[in-house]
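# Summary of structural features
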Amino acid sequence: MYQKGKSYEEIQIGDKASFSKTITETDIYLFAGISGDFNPLHVDEEYAKTTMFGTRIAHGGLAASLLAPVLGMKLPGLGTVALETVTKFRKPVFPGDTITCTVEVKSKVQRLKMVEMKILWTNQKGDTIGKGECKVLPPESNS
């Protein structure tokens, strides 16, 4: 049996949740296949050496996708519907980086039963690699 996520009424401003994952070579190649983005910056080391990064980097969307397990599994959790996300990329993600996506509830909109959250993506060094915001509809109350 699945446990429904927190309802609008259960969520408090300041609630936080996060998810971490080490981005592997396999992740990058699978994401290229899923997204269709075979930009050589992501998949060709010789090409990537000629860029400002000096080596391959992960797709921005790969790191951004770590938001999904936070919203869908942790906060609000199962039953959440994402309405809008805004992502601002700040630093590249390299193969082997461990990325943590953290959300924090910043406001609640009673009329729509919607929750607005801040999003922060950091790497294992604590560097901000991205930030943003999202709006979600939490699952309906369990009662």
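Think of each chain on its own: its residues are numbered from 1, step by step along the sequence as written. Thresholds applied to this predicted model are a pLDDT of at least 70 for local features of residues and 80 or more for the giving and counting of side-chain atom pairs; totals over whole chains, interfaces and linings are not thresholded and use all residues. Side-chain metrics in this entry use all non-hydrogen atoms of the structure; hydrogen atoms and water are not considered.

Looking at an unreviewed UniProt entry, one finds the protein named MaoC-like domain-containing protein and attributed to Leptospira tipperaryensis.

### Concerning the UniProt feature "domain: MaoC-like" (unreviewed entry) in the protein
UniProt positions are given in the numbering used here, feature names are shortened, and annotations may be inferred rather than shown by experiment. Here, the residues flagged by UniProt with the feature "domain: MaoC-like" (unreviewed entry) are residues 15–117. Secondary structure is summarised from DSSP: a helix means a run of H or I of at least four residues, a strand means a run of E of at least two, and numbering begins at the N terminus for each. The span residues 15–117 is 30% helical and 31% strand by assignment, and the distance between its end C-alpha atoms comes to 9 Å.

### Considering the pairing of strand β3 (residues 98–109)
Here strand β1 (residues 16–22) pairs with β3 via 7 bridges, running antiparallel. Opposite Phe19, over in β3, you have Cys101 as the bridge partner. When β3 meets strand β4 (residues 114–122), the two strands line up antiparallel, connected through 9 bridges. Considered in β4, the bridge of Thr100 is made with Thr122. The hairpin turn running from β3 into β4, its antiparallel successor, is 4 residues long, and Lys113 in that turn takes a positive phi close to 55 degrees. In this analysis, strands are considered paired if DSSP registers two or more bridges between them.

### What about the sheet that holds β3?
Read from one edge of the open sheet, 5 strands run β1-β3-β4-β5-β2, paired in antiparallel fashion. At either end of the open sheet lies a strand with only one pairing partner, and these are β1 and β2 (81–89). Strand-to-strand twist of the sheet, defined as the mean angle between neighbouring strand axes without regard to direction, takes the value 20 degrees. Pairing between β4 and strand β5 (residues 128–137): 8 bridges, direction antiparallel. Note that in β5 the partner of Lys118 across the bridge is Glu133. Angular values range over 0 to 180 degrees, each being the angle between N-to-C directions of two axes fitted as lines to C-alpha atoms, with helices fitted over their stretch in contact.

### Details of the nonpolar core
Residues belong to a common nonpolar core when they are buried Ala, Val, Leu, Ile, Met, Phe, Trp, Tyr or Cys residues joined through side-chain atoms within 4.5 Å. Exposure categories follow from relative accessible area, calculated using a 1.4 Å probe and restricted to protein chains: below 20% of the type maximum is buried, above 50% is exposed, and the middle band is partly exposed. Grouped together as the largest cluster of nonpolar side chains are 27 residues, with contacts concentrated most on Ile23, Val103, Met117 and Trp121. Taken together, the elements giving at least two residues each to this core come down to α1 (25–35), α4 (60–64), α5 (67–73), β3, β4 and β5. Once residues lying within four places of it in the same chain are set aside, the contact partners of Ile23 are Ile28, Ala58, Leu62, Leu66, Val93, Phe94, Pro95, Gly96, Asp97 and Ile99. Residues are treated as being in contact if the distance between any of their heavy atoms lies within 4.5 Å.

### Section: the side chain of Thr100
Relative to the helices and strands, Thr100 is located in strand β3. For Thr100, the side chain forms a polar contact with the side chain of Ser20, separated by 2.5 Å. When sequence neighbours within four positions are dropped, the list of residues in contact with Thr100 reads Ser18, Phe19, Ser20, Leu120, Trp121 and Thr122. Polar contact is the term for a pair of N or O atoms within 3.5 Å; when the atoms are in protein, one must be able to donate a hydrogen and the other to accept it, and sequence-neighboring residues count only if both atoms are side-chain atoms.

### Some words on α1
At 3.6 residues per turn, the α-helix brings residues three or four places apart onto the same side. When α1 is considered as a whole, its buried residues turn out to be Asp27, Ile28, Phe31 and Ala32. The buried side chains of α1 occupy one side of the element, clustering within an arc of 135 degrees when seen end-on. Looking at α1, the residues exposed on the side facing more than 90 degrees away from the buried face are Leu30 and Ile34. In this structure, the buried side of α1 is in contact with β1, α2 (40–43) and α4. Of the residues flanking the end of α1, it is Gly36, one or two places downstream, whose phi is positive at about 80 degrees. Throughout, the arc means that of the directions going from the helix axis to the C-beta atoms.

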